[in-house]
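Here is what each chain is made of, one letter per residue.
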Amino acid sequence: MNFYTRFGKRSLDLGLSLSALLLLAPLLVILALFVRVKLGAPILFRQPRPGLRGKPFILYKFRTMTDARDAQGNLLPDAQRLTAFGRFLRSASLDELPELFNVIKGEMSLVGPRPLLIQYLERYTPEQMRRHHVLPGLTGWAQVNGRNALTWEQKFELDVWYVEHQSFSLDLKIIFMTAWKILKREGINQTGQATAQEFMGSRF
């Protein structure tokens, strides 16, 4: 662990996150109002996700789906609950903005492997589990190298590569590449899927 990962990375996270929240405060209020009108309450989607060393924390996002259910009371598939407004939020990555609060709380970093589902922890290989040796990120090396267009195995390889090579220059590179990817709206979904397909475990 070098000086940057021990001290500098947290300073970068706090400085950029607090600045972003101040600059984006009006946008956050507007988005919250639109979510409330179009999707109802609650405005935020909250879900436990594994953080550093797999310790759970509550992830915050803007809601992008309705709570529509079938006649038996079961939630409809994601593709049927994802609205046009929700697709816009996702394609522009605006639904991720509340995660800045997770960064400020120290539960996430601006850059790191994306926090996935709790149930995936038992499905990782020991090598894939190394992605939890650092804080999860708002964006990451896998997100700027294919995002959901990659296979799970490819994403995890990139995540582990980041764990081994994290540095100030790499984090800045990823942040700038993320801004470009958002503008181009690349790799939002896997082909034929409303969101990323569930990871069921690697077969090797």
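Break down the pattern of salt bridges for me, with residues and values.
Evaluation of the coordinates by the stated rule reveals 10 salt bridges. Salt-bridge contacts for Lys105 lead to Glu107; the nearest nitrogen and oxygen are separated by 3.4 Å. Put simply, Arg130 and Glu127 hold a salt bridge, and the shortest N to O gap is 3.2 Å. Members of the salt-bridge network, linked through shared partners, are Lys61, Glu96, Glu99 and Arg114.

Outline the packing of aromatic side chains, listing residues and values.
If you walk through the whole model with that rule in mind, you get 11 aromatic pairs. Both rings, one in Tyr120 and one in Phe199, keep their centres 5.6 Å apart while their planes meet at 75°; by these two values the pair is edge-to-face. Taken as a pair, Tyr120 in the loop between strand 3 (109–111) and strand 4 (137–139) and Phe199 in the segment after helix 6 (168–184) lie far apart in primary sequence, 79 residues in all. The buried category is assigned to Tyr120, whose relative accessible area is 4%. Centre to centre, the rings of Trp141 and Trp161 are 5.1 Å apart; their planes meet at 20°, and the pair counts as stacked. Note that Trp141 is positioned in the loop between strand 4 and helix 5 (152–165) and Trp161 in helix 5, a separation of 20 residues in sequence. Residue class for Trp141 comes out buried when judged on its relative accessible area of 12%.

Tell me about the pairing of strand 2 (residues 56–62), and please be specific about residues and values.
Most of strand 2 sits inside the fold, with 5 of its 7 residues counted as buried. In terms of strand pairing, strand 1 (residues 44–50) meets strand 2 through 7 bridges, oriented antiparallel. The residue of strand 2 that forms the bridge with Gln47 is Leu59. Hairpin geometry of strand 1 and strand 2 is characterised by an intervening segment of 5 residues between the two adjacent antiparallel strands and by a positive phi of about 60° at Arg53.

Cut-offs used in this document
Residues numbered from 1 in each chain as written. Predicted model: local features only at pLDDT ≥ 70, side-chain atom pairs only at ≥ 80, totals over all residues. Heavy atoms only, no water. Salt bridge = Lys/Arg side-chain N within 4 Å of Asp/Glu carboxyl O. Phe/Tyr/Trp six-rings, centres within 6.5 Å; stacked < 30°, edge-to-face > 60°. Helix = DSSP H or I, 4+ residues; strand = E, 2+ residues; numbered from the N terminus. Buried < 20%, exposed > 50% of the residue type's maximum accessible area, 1.4 Å probe, protein only. Pairing = 2+ DSSP bridges.

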